[in-house]
Amino acid sequence: MLALATRFLREPVSLRLAEEFLTVPVDTIDRCVADVCACAQHLGVSATPEIVERIAREHLLAIVNSAPPPRSSR
């Protein structure tokens, strides 16, 4: 039952983040959101959609900002 509730929490958050992070693969976004949910549950924090989205967004921003710059052709 908890897994089903977590899935319903994750799907809308993943969809919103996928619209925002077009360069990040959807599987990576889904995994990031699932990880945030698992961490919140482990810490005993209430995993509301807003909290999960904020934390996942920060993780995804770190992924995007840590990507190496594109190579220039010489």
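That block above? That's the structure.
Residues numbered from 1 in each chain as written. Predicted model: local features only at pLDDT ≥ 70, side-chain atom pairs only at ≥ 80, totals over all residues. Heavy atoms only, no water.

Caption draft 1: Up close: helix H2 (residues 26–43). Helix length check: H2, at 18 residues, gives a terminal C-alpha distance of 26 Å against a target of 26 Å (1.5 Å per residue), a fit within 8%. Residues of H2 that are buried: Thr28, Ile29, Cys32, Val33, Val36, Cys37 and Ala40. One or two steps after H2, the chain reaches Gly44, where phi turns positive at roughly 80°. (Helix = DSSP H or I, 4+ residues; strand = E, 2+ residues; numbered from the N terminus. Expected span 1.5 Å × (residues − 1). Buried < 20%, exposed > 50% of the residue type's maximum accessible area, 1.4 Å probe, protein only.)

Caption draft 2: Highlighting the pattern of salt bridges. Considering all chains together, one arrives at 3 salt bridges under this definition. In this structure, Arg57 engages Glu20 in a salt bridge whose closest nitrogen and oxygen atoms are separated by 2.9 Å. You can see Arg57 sitting in helix H3 (residues 49–65) and its partner Glu20 sitting in helix H1 (residues 2–20), a full 37 residues away along the chain. You can call Arg57 partly exposed: its relative accessible area is 22%. Glu53 is paired through a salt bridge with Arg57; the nearest N and O atoms lie 2.9 Å apart. Of this pair, Glu53 and Arg57 both sit in helix H3, 4 residues apart, roughly one helical turn. (Salt bridge = Lys/Arg side-chain N within 4 Å of Asp/Glu carboxyl O.)

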